[in-house]
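Chain residues, written in single-letter form:
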Amino acid sequence: MAVEEENKETEETKKRSIGDVVEEVASTTEGLLGVGVMDMEGVPVAVVTPPGSTLNAELAAAQLAVVVRLCSLTADKLKLGDFDENLITTASRYILTKALTPDFYLAMILSKESTTLGMARLVAREHAARVYQALPKFE
Amino acid sequence: MMADLSRFTWGKGRKKTEPEERGEMKETGTKGNLNSILEEMAEQVDGLLCIAVAGSDGVAISTYVPPGSMLNAELAAVQLASIFRISRTTSDKLKAGELEDNLLTSTAGQILIRPLGEESYLAMVTTRDTPLGIVRLVVKSYASKVEQALGKGN
(Lines give C-alpha, C1' and ligand atoms only; values in the text may rest on other atoms or scores of the structure.)
Protein backbone atom coordinates (compact mmCIF):
# COMPACT_ATOMS: atom_id res chain seq x y z
CA MET A 1 0.00 0.00 0.00
CA ALA A 2 1.37 3.43 -0.94
CA VAL A 3 0.61 5.01 2.44
CA GLU A 4 2.35 2.13 4.14
CA GLU A 5 5.56 2.73 2.25
CA GLU A 6 5.45 6.52 2.33
CA ASN A 7 5.39 6.95 6.07
CA LYS A 8 7.56 6.07 8.97
CA GLU A 9 6.26 6.16 12.52
CA THR A 10 7.40 9.07 14.58
CA GLU A 11 7.63 9.12 18.38
CA GLU A 12 4.99 11.84 18.47
CA THR A 13 2.29 9.97 16.54
CA LYS A 14 3.06 6.65 18.25
CA LYS A 15 1.64 7.98 21.49
CA ARG A 16 -1.67 9.14 20.00
CA SER A 17 -4.77 7.04 19.68
CA ILE A 18 -6.62 6.67 16.40
CA GLY A 19 -9.60 8.47 17.99
CA ASP A 20 -7.47 11.49 18.88
CA VAL A 21 -6.06 11.72 15.38
CA VAL A 22 -9.49 11.51 13.76
CA GLU A 23 -10.80 14.16 16.17
CA GLU A 24 -7.93 16.42 15.19
CA VAL A 25 -8.58 15.83 11.48
CA ALA A 26 -12.22 16.80 12.04
CA SER A 27 -11.35 19.99 13.88
CA THR A 28 -8.77 21.20 11.36
CA THR A 29 -10.42 20.39 8.02
CA GLU A 30 -12.57 23.05 6.46
CA GLY A 31 -15.92 21.97 5.08
CA LEU A 32 -15.77 18.56 6.72
CA LEU A 33 -19.13 16.86 7.33
CA GLY A 34 -17.75 13.57 8.56
CA VAL A 35 -14.52 11.60 8.81
CA GLY A 36 -13.88 8.05 9.88
CA VAL A 37 -11.70 5.00 9.77
CA MET A 38 -13.58 1.82 8.94
CA ASP A 39 -12.79 -1.80 8.30
CA MET A 40 -13.70 -3.54 5.06
CA GLU A 41 -16.90 -4.90 6.62
CA GLY A 42 -18.13 -1.34 7.10
CA VAL A 43 -17.63 -1.33 10.87
CA PRO A 44 -16.39 2.05 12.16
CA VAL A 45 -13.13 2.11 14.13
CA ALA A 46 -13.24 5.86 14.80
CA VAL A 47 -15.82 8.31 13.45
CA VAL A 48 -16.29 12.01 14.02
CA THR A 49 -19.13 14.16 12.73
CA PRO A 50 -18.68 17.84 13.57
CA PRO A 51 -21.50 19.61 15.46
CA GLY A 52 -24.29 20.53 13.07
CA SER A 53 -23.57 17.75 10.59
CA THR A 54 -26.62 15.64 9.78
CA LEU A 55 -24.58 12.81 8.30
CA ASN A 56 -25.63 9.28 9.27
CA ALA A 57 -22.17 7.91 10.05
CA GLU A 58 -23.17 4.25 10.35
CA LEU A 59 -24.98 4.32 7.02
CA ALA A 60 -22.00 6.07 5.42
CA ALA A 61 -19.55 3.51 6.84
CA ALA A 62 -21.59 0.57 5.58
CA GLN A 63 -22.20 2.11 2.16
CA LEU A 64 -18.62 3.23 1.61
CA ALA A 65 -17.25 -0.19 2.54
CA VAL A 66 -19.16 -1.57 -0.46
CA VAL A 67 -17.67 1.20 -2.63
CA VAL A 68 -14.12 0.45 -1.47
CA ARG A 69 -14.49 -3.29 -2.01
CA LEU A 70 -15.87 -2.78 -5.49
CA CYS A 71 -13.13 -0.29 -6.41
CA SER A 72 -10.49 -2.67 -5.12
CA LEU A 73 -11.97 -5.52 -7.14
CA THR A 74 -12.14 -3.31 -10.25
CA ALA A 75 -8.50 -2.20 -10.00
CA ASP A 76 -7.53 -5.83 -9.58
CA LYS A 77 -9.63 -7.16 -12.49
CA LEU A 78 -8.43 -4.43 -14.85
CA LYS A 79 -4.82 -5.04 -13.78
CA LEU A 80 -4.37 -1.45 -12.64
CA GLY A 81 -2.45 -2.27 -9.46
CA ASP A 82 -3.70 -1.75 -5.91
CA PHE A 83 -6.67 0.46 -5.14
CA ASP A 84 -5.57 3.81 -3.74
CA GLU A 85 -8.55 6.19 -3.49
CA ASN A 86 -12.04 6.85 -4.79
CA LEU A 87 -13.72 10.22 -5.01
CA ILE A 88 -17.44 10.58 -5.66
CA THR A 89 -18.34 14.14 -6.64
CA THR A 90 -21.99 15.10 -6.30
CA ALA A 91 -23.86 18.38 -6.60
CA SER A 92 -23.00 19.34 -3.02
CA ARG A 93 -20.40 16.90 -1.67
CA TYR A 94 -17.02 15.27 -2.13
CA ILE A 95 -17.17 11.70 -0.80
CA LEU A 96 -13.63 10.41 -0.54
CA THR A 97 -12.41 6.97 0.46
CA LYS A 98 -8.73 6.07 0.71
CA ALA A 99 -7.15 2.70 1.43
CA LEU A 100 -4.96 2.70 4.54
CA THR A 101 -4.12 -1.00 4.70
CA PRO A 102 -5.75 -4.02 3.02
CA ASP A 103 -8.16 -4.10 6.01
CA PHE A 104 -8.92 -0.46 6.77
CA TYR A 105 -9.87 2.65 4.88
CA LEU A 106 -10.28 6.35 5.60
CA ALA A 107 -13.50 8.08 4.57
CA MET A 108 -14.08 11.82 4.40
CA ILE A 109 -17.21 13.67 3.37
CA LEU A 110 -16.72 17.33 2.55
CA SER A 111 -18.99 20.17 1.52
CA LYS A 112 -18.29 21.45 -1.99
CA GLU A 113 -19.10 24.98 -0.85
CA SER A 114 -16.11 25.10 1.48
CA THR A 115 -13.41 23.22 -0.39
CA THR A 116 -12.10 22.32 -3.84
CA LEU A 117 -11.35 18.99 -5.50
CA GLY A 118 -7.60 19.58 -5.31
CA MET A 119 -7.78 20.53 -1.64
CA ALA A 120 -9.97 17.52 -0.80
CA ARG A 121 -7.44 15.12 -2.37
CA LEU A 122 -4.49 16.86 -0.72
CA VAL A 123 -6.12 16.87 2.70
CA ALA A 124 -7.08 13.20 2.39
CA ARG A 125 -3.54 12.23 1.43
CA GLU A 126 -2.07 14.19 4.30
CA HIS A 127 -4.54 12.84 6.85
CA ALA A 128 -4.29 9.27 5.57
CA ALA A 129 -0.61 9.27 6.47
CA ARG A 130 -1.31 10.48 10.01
CA VAL A 131 -4.22 8.11 10.53
CA TYR A 132 -2.16 5.20 9.23
CA GLN A 133 0.55 5.98 11.73
CA ALA A 134 -1.97 5.96 14.57
CA LEU A 135 -3.61 2.67 13.55
CA PRO A 136 -2.89 -0.13 16.02
CA LYS A 137 -0.48 -2.59 14.47
CA PHE A 138 -0.23 -6.22 15.45
CA GLU A 139 2.77 -8.27 14.53
CA MET B 1 -21.01 22.32 -28.18
CA MET B 2 -17.75 21.49 -29.94
CA ALA B 3 -14.89 21.12 -27.54
CA ASP B 4 -11.79 23.01 -28.64
CA LEU B 5 -8.81 21.60 -26.81
CA SER B 6 -6.23 22.53 -29.43
CA ARG B 7 -4.50 24.95 -27.05
CA PHE B 8 -3.23 22.04 -24.99
CA THR B 9 0.04 20.51 -26.07
CA TRP B 10 -0.82 17.30 -24.28
CA GLY B 11 -1.34 14.52 -26.83
CA LYS B 12 -0.82 16.91 -29.71
CA GLY B 13 1.74 14.71 -31.43
CA ARG B 14 -0.66 11.82 -31.87
CA LYS B 15 -1.69 11.40 -35.48
CA LYS B 16 -5.28 10.59 -36.16
CA THR B 17 -5.65 7.78 -38.65
CA GLU B 18 -8.77 7.33 -40.72
CA PRO B 19 -10.54 3.96 -40.46
CA GLU B 20 -9.68 3.21 -44.09
CA GLU B 21 -5.97 3.70 -43.35
CA ARG B 22 -6.23 1.08 -40.63
CA GLY B 23 -7.96 -1.31 -42.99
CA GLU B 24 -11.33 -0.94 -41.26
CA MET B 25 -14.74 -0.32 -42.74
CA LYS B 26 -16.03 3.16 -41.94
CA GLU B 27 -19.10 2.88 -39.72
CA THR B 28 -22.11 5.02 -40.38
CA GLY B 29 -24.97 6.33 -38.23
CA THR B 30 -24.94 6.83 -34.46
CA LYS B 31 -22.28 4.21 -33.75
CA GLY B 32 -19.93 5.60 -36.38
CA ASN B 33 -20.44 9.09 -35.05
CA LEU B 34 -19.83 7.92 -31.49
CA ASN B 35 -16.68 6.07 -32.50
CA SER B 36 -15.28 9.16 -34.18
CA ILE B 37 -16.00 11.25 -31.05
CA LEU B 38 -14.14 8.73 -28.90
CA GLU B 39 -11.21 8.78 -31.34
CA GLU B 40 -11.18 12.58 -31.15
CA MET B 41 -11.13 12.39 -27.36
CA ALA B 42 -8.29 9.87 -27.48
CA GLU B 43 -6.14 12.32 -29.44
CA GLN B 44 -6.18 14.74 -26.51
CA VAL B 45 -4.85 12.36 -23.87
CA ASP B 46 -1.49 10.66 -23.55
CA GLY B 47 -1.40 7.57 -21.36
CA LEU B 48 -4.90 6.58 -22.40
CA LEU B 49 -5.88 2.95 -21.79
CA CYS B 50 -9.56 2.96 -22.74
CA ILE B 51 -12.64 5.12 -23.31
CA ALA B 52 -16.03 3.51 -22.86
CA VAL B 53 -19.63 4.54 -23.33
CA ALA B 54 -21.88 1.95 -21.74
CA GLY B 55 -25.23 1.38 -20.17
CA SER B 56 -25.68 1.07 -16.41
CA ASP B 57 -26.27 -2.64 -17.05
CA GLY B 58 -22.64 -2.94 -18.21
CA VAL B 59 -23.42 -3.41 -21.89
CA ALA B 60 -20.86 -1.45 -23.93
CA ILE B 61 -22.34 0.97 -26.48
CA SER B 62 -18.99 2.08 -27.89
CA THR B 63 -15.41 1.64 -26.71
CA TYR B 64 -12.01 2.86 -27.83
CA VAL B 65 -8.78 1.10 -26.87
CA PRO B 66 -5.62 2.71 -28.28
CA PRO B 67 -2.92 0.58 -29.86
CA GLY B 68 -0.63 -0.79 -27.15
CA SER B 69 -3.24 -0.87 -24.41
CA MET B 70 -3.94 -4.35 -23.07
CA LEU B 71 -7.13 -3.31 -21.29
CA ASN B 72 -10.17 -5.51 -21.88
CA ALA B 73 -12.83 -2.94 -22.83
CA GLU B 74 -15.80 -5.28 -22.37
CA LEU B 75 -14.64 -6.23 -18.89
CA ALA B 76 -14.00 -2.55 -18.10
CA ALA B 77 -17.53 -1.61 -19.22
CA VAL B 78 -19.04 -4.20 -16.89
CA GLN B 79 -16.87 -3.28 -13.88
CA LEU B 80 -17.29 0.45 -14.35
CA ALA B 81 -21.05 0.05 -14.62
CA SER B 82 -21.00 -1.48 -11.13
CA ILE B 83 -19.04 1.50 -9.82
CA PHE B 84 -21.39 3.90 -11.63
CA ARG B 85 -24.41 2.29 -9.97
CA ILE B 86 -22.88 2.15 -6.48
CA SER B 87 -21.74 5.81 -6.73
CA ARG B 88 -25.27 6.84 -7.61
CA THR B 89 -26.75 4.74 -4.79
CA THR B 90 -24.22 6.18 -2.34
CA SER B 91 -24.97 9.78 -3.26
CA ASP B 92 -28.72 9.06 -2.97
CA LYS B 93 -28.43 7.30 0.39
CA LEU B 94 -26.19 9.98 1.84
CA LYS B 95 -28.48 12.70 0.46
CA ALA B 96 -25.52 14.29 -1.31
CA GLY B 97 -27.41 15.44 -4.41
CA GLU B 98 -26.96 14.42 -8.02
CA LEU B 99 -23.87 12.42 -8.98
CA GLU B 100 -21.40 14.47 -11.06
CA ASP B 101 -18.57 11.99 -11.47
CA ASN B 102 -16.54 9.24 -9.85
CA LEU B 103 -12.76 9.16 -9.84
CA LEU B 104 -11.01 5.92 -8.93
CA THR B 105 -7.23 6.02 -8.46
CA SER B 106 -5.04 2.95 -8.17
CA THR B 107 -1.28 2.51 -8.07
CA ALA B 108 -1.13 2.10 -11.88
CA GLY B 109 -4.18 3.90 -13.23
CA GLN B 110 -7.03 6.31 -12.84
CA ILE B 111 -10.62 5.96 -13.97
CA LEU B 112 -13.07 8.82 -14.40
CA ILE B 113 -16.74 7.94 -14.81
CA ARG B 114 -19.30 10.57 -15.74
CA PRO B 115 -23.04 9.91 -16.00
CA LEU B 116 -24.79 10.49 -19.33
CA GLY B 117 -28.34 10.83 -18.08
CA GLU B 118 -29.80 8.12 -15.87
CA GLU B 119 -28.96 4.98 -17.76
CA SER B 120 -25.51 5.32 -19.29
CA TYR B 121 -22.05 6.65 -18.59
CA LEU B 122 -18.85 7.86 -20.22
CA ALA B 123 -15.60 6.59 -18.72
CA MET B 124 -11.92 7.20 -19.38
CA VAL B 125 -9.16 4.92 -18.09
CA THR B 126 -5.60 6.27 -18.10
CA THR B 127 -2.24 5.50 -16.59
CA ARG B 128 -1.52 7.05 -13.21
CA ASP B 129 0.87 9.67 -14.62
CA THR B 130 -1.70 11.27 -16.95
CA PRO B 131 -2.55 14.70 -15.50
CA LEU B 132 -5.95 14.44 -13.85
CA GLY B 133 -6.87 17.93 -15.04
CA ILE B 134 -6.62 16.85 -18.68
CA VAL B 135 -8.73 13.75 -18.05
CA ARG B 136 -11.44 15.79 -16.32
CA LEU B 137 -11.37 18.50 -18.97
CA VAL B 138 -11.65 16.09 -21.90
CA VAL B 139 -14.40 13.99 -20.31
CA LYS B 140 -16.38 17.07 -19.27
CA SER B 141 -15.94 18.79 -22.65
CA TYR B 142 -17.04 15.79 -24.70
CA ALA B 143 -19.84 14.47 -22.46
CA SER B 144 -22.51 16.60 -24.13
CA LYS B 145 -21.31 15.58 -27.64
CA VAL B 146 -21.48 11.93 -26.66
CA GLU B 147 -24.96 12.47 -25.23
CA GLN B 148 -26.05 14.10 -28.47
CA ALA B 149 -24.64 11.22 -30.47
CA LEU B 150 -26.65 8.87 -28.27
CA GLY B 151 -29.74 10.92 -29.07
CA LYS B 152 -30.08 12.32 -25.57
CA GLY B 153 -28.84 15.84 -26.15
CA ASN B 154 -30.92 18.94 -26.59
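Whatever comes next refers back to the structure up there.
To keep things clear, this report deals only with the structure shown in the data block. (Residues numbered from 1 in each chain as written. Chains lettered and ligands numbered in written order. Predicted model: local features only at pLDDT ≥ 70, side-chain atom pairs only at ≥ 80, totals over all residues. Heavy atoms only, no water.)

1. Things to note about the interface of chain A and chain B
Each partner contributes residues to the interface: chain A has 32 residues there, and chain B has 35 residues. Taking both partners together, chain A and chain B bury about 2,800 Å²; carbon and sulfur atoms supply 63% of that area. Looking at the side of chain A facing chain B, the largest losses of area belong to Q63(A), L78(A) and L80(A), adding up to 22% of the total buried there. Our count for the contact surface shared by chain A and chain B stands at 18 residue pairs in polar contact (both at pLDDT 80 or more). Of all elements in the fold, only α4 (57-77), β3 (83-90), β4 (93-99) and α5 (117-134) of chain A reach the threshold of two or more residues within the side of chain A that touches chain B. (Contact = heavy atoms within 4.5 Å. Buried area = accessible area lost by both parts, 1.4 Å probe. Polar contact = N/O pair within 3.5 Å; in protein donor to acceptor, adjacent residues only side chain to side chain. Helix = DSSP H or I, 4+ residues; strand = E, 2+ residues; numbered from the N terminus.)

2. A closer look at the sheet that holds strand β2 (residues 44-48) of chain A
Spatially, 10 strands are ordered β2(A)-β1(A)-β5(A)-β4(A)-β3(A)-β3(B)-β4(B)-β5(B)-β1(B)-β2(B) in an open sheet, and the strand pairing comes out antiparallel. Among the strands making up the open sheet, the edge pair consists of β2 of chain A together with β2 (60-64) of chain B. Going from strand to strand, the sheet's axes swing by 10 degrees on average, the running direction of each strand aside. As paired elements, strand β1 (residues 48-55) of chain B and β2(B) share four bridges and run antiparallel to each other. Among the inter-strand pairings, V53(B) is bridged to a residue of β2(B), identified as S62(B). (Pairing = 2+ DSSP bridges. Axes fitted to C-alpha atoms, helices over the stretch in contact; angles between N-to-C directions.)

3. Concerning the nonpolar core
Membership of the largest hydrophobic core comes to 49 residues, with the highest contact counts inside it found for V35(A), M108(A), M41(B), L122(B) and M124(B). Residue contributions to this core peak at nine residues, all from helix α3 (residues 132-149) of chain B. With residues up to four places along the chain from it excluded, the contact list for L122(B) reads L38(B), M41(B), I51(B), A52(B), V53(B), L112(B), I113(B), R114(B), L116(B), V139(B), A143(B) and V146(B). Of all hydrophobic cores here, the second largest spans 42 residues; its members include C50(B), A81(B), I111(B) and I113(B). (Core = buried A, V, L, I, M, F, W, Y, C linked by side-chain atoms within 4.5 Å. Buried < 20%, exposed > 50% of the residue type's maximum accessible area, 1.4 Å probe, protein only.)

4. Notes on the pairing of strand β5 (residues 120-127) of chain B
Residue and element names in this part refer to chain B. For β5, a buried count of seven out of eight residues is recorded, marking the element as mostly surrounded by other parts of the structure. One ladder, built from seven bridges, connects β1 with β5; its direction is antiparallel. Looking across to β5, one finds that A52 is bridged to A123. Pairing geometry for strand β4 (residues 109-116) and β5, over eight bridges, is antiparallel. By the bridge assignment, G109 is partnered in β5 with T127.

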